[in-house]
Amino acid sequence: MPDIYSHEIEGCLAATIGEGGLSEPALDTALGAAWDVWSAMREDLAEAGFPPLAIAETRDDLTAVRAVADRMAANCDAVAVIGVGGSNLGAMALCALAGNPRVAMHFLDNPDPQRLARFREACVPARTGVIVVSKSGGTAETLAIASTVVPEILDARAGDDIADFAMAICEPSDNPLRRLARHWGMPSLDHPKDIGGRFSVFSAVGLLPAALAGIDVESVCDGACEALALNLRGASAREVPAAAGAAVTLALLQTHGVRVSVLMPYADALAPFTRWHRQLWAESIGKNGHGTTPVDAIGAVDQHSQLQLYLDGPPDKLFTFVTQDFEGRGARVPPELATLAGVDYLAGRTTGDLLAAEQEATIESLIAHGRPVRRIAVPRVDEASLGALMAHYMLETVTAGFMLGVDPFDQPAVEDGKERTRRRLAAHASGLA
């Protein structure tokens with residue numbers, strides 16, 4: 001059975017791209033540092049000592065998740081997931097795989113009054129459900145949106161059992177969201193205390209919305225477990241995709257000043273995944289003056305908006321392509337229309353043929369321009385492969401954090417902005433008194 005994904009770093013080496021790439025000594029040094037970190041991590045990983053992936057192996061939440069999802073799906077035409085950052089980006093990424101979701105999913109994260117008004121216009125409150133997610137239970141945006149949306153739904157569904165359409169997910173403590181849930185009579189699922197929000201996609205935080213949308217959440221967890229097993233099999237850092245990815249990223253930063261990391265899949269369904277990754281990497285690694293800036297892109301759209309910069313701008317970027325085989329997929333261009341338009345190269349070719357050609361041509365062009373490129377290849381984009389990609393990036397991010405000497409699980413600088421927000425609101429309220 002082939003591996004669930006493969007990881008290639010040859011496009012980052014000087015032997016492939018010239019002076020913009022890593023020399024073998026520089027790569028060996030970085031791989032050695034990555035192996036030291038990975039060797040310290042792997043025993044815990046093998047013994048389910050990494051909670052964000054251990055929960056995918058044990059499937060602790062799956063029974064409750066399926067029961068809640070089935071009940072809500074039977075009683076709702078639409079469900080709003082209220083949460084921000086790690087409380088909804090993973091769920092959004094999983095739900096993007098649902099071609100025809102069994103309920104309409106609405107993700108409410110930014111307290112933009114116009115967006116919330118559009119949500120109200122789009123949904124029938126008497127057939128709308130809600131999931132409110134905050135690990136701490138104190139996220140201001142989540143509490144503000146929930147406090148304005150949930151009462152309207154409760155009023156419209158006054159005769160319904162609230163368990164048919166509502167659920168809160170937060171830590172089991174006395175926190176603001178728990179207090180609101182008790183006030184509303186809303187049932188709650190526990191957010192694991194030992195899993196940070198941005199690492200929580202394999203818990204109910206990600207799996208409940210995904211199950212509601214009709215995603216095979218068991219396959220998501222299977223993919224994550226396969227990815228973990230693949231990484232644990234490696235006998236050297238180069239054979240461990242997560243360690244090799246961290247090593248190449250940090251070596252390019254240290255030796256070539258590559259401070260921007262572009263993640264560019266060619267499947268539209270992976271666009272939300274790139275935004276999930278953006279938070280995971282930025283909030284985990286960007287500390288104490290360390291880190292690289294993650295950029296999300298999507299092919300072929302960003303070939304027309306960003307590729308000029310990527311090829312001819314400053315050489316400060318690493319490009320990671322998530323690829324799959326598109327050839328032969330999709331509808332065919334009628335030869336007579338191609339001839340009429342003067343584009344014979346499209347005659348009889350499928351839309352997948354075009355996307356496959358663009359995917360490979362972009363990679364070739366970047367390499368020809370001396371830009372470092374790595375490739376993560378999956379056979380297809382589905383639940384298992386997305387679970388694997390998410391597990392890979394969790395492992396790569398944690399490895400890179402430890403290599404840099406930072407704690408990948410905290411976010412101390414974020415708290416400053418939150419406290420300033422609270423002070424401004426409090427001052428405004430005092431002025432109104």
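Given the structure is predicted, the values throughout are model-derived calculations rather than measurements.

K.L.:
So what exactly am I meant to see when it comes to the pattern of salt bridges here?
P.N.:
Pairing between side chains of opposite charge can happen when the charged atoms of each approach one another. What the rule picks out here adds up to 24 salt bridges. Taking the shortest distance from any N to any O, the salt bridge between R233 and D3 comes out at 2.8 Å. Note that R233 is positioned in helix α10 (residues 217-233) and D3 in the segment before β1 (6-8), a separation of 230 residues in sequence. A salt bridge links R375 to E8; its shortest N-O distance comes to 3.9 Å. Highlighted residues: R375 in strand β10 (residues 373-377) and E8 in strand β1, separated in sequence by 367 residues.

K.L.:
Help me understand the packing of aromatic side chains in this model?
P.N.:
By convention here, two paired aromatic rings are described through the distance between centres and the angle between planes. The full count for this structure, using the stated rule, is 8 aromatic pairs. Centre to centre, the rings of F50 and F199 are 6.5 Å apart; their planes meet at 80°, and the pair counts as edge-to-face. Placement of the pair is F50 in the loop between α2 (24-46) and α3 (51-58) and F199 in the loop between β6 (188-190) and α9 (204-213), with a sequence separation of 149 residues. Summarising the burial analysis for this pair, F50 and F199 share the class buried.

K.L.:
Just checking my understanding: could you explain the sheet that holds strand β5 (residues 166-170) for this structure?
P.N.:
The strands making up a sheet are joined through hydrogen bonds of the backbone, oriented either antiparallel or parallel. Taken in spatial order, the 5 strands line up as β3-β2-β4-β5-β6 in an open sheet, and their pairing is parallel. Across the chains shown, the open sheet's two edge strands, defined by having one partner strand only, are β3 (104-108) and β6. Taking each pair of neighbouring strands and ignoring which way they run, the sheet shows an average axis angle of 20°. Direction of pairing for strand β2 (residues 78-82) relative to strand β4 (residues 128-133): parallel, over a ladder of 5 bridges.

Here is what the cut-offs are and how they apply
Residues numbered from 1 in each chain as written. Predicted model: local features only at pLDDT ≥ 70, side-chain atom pairs only at ≥ 80, totals over all residues. Heavy atoms only, no water. Salt bridge = Lys/Arg side-chain N within 4 Å of Asp/Glu carboxyl O. Helix = DSSP H or I, 4+ residues; strand = E, 2+ residues; numbered from the N terminus. Phe/Tyr/Trp six-rings, centres within 6.5 Å; stacked < 30°, edge-to-face > 60°. Buried < 20%, exposed > 50% of the residue type's maximum accessible area, 1.4 Å probe, protein only. Pairing = 2+ DSSP bridges. Axes fitted to C-alpha atoms, helices over the stretch in contact; angles between N-to-C directions.

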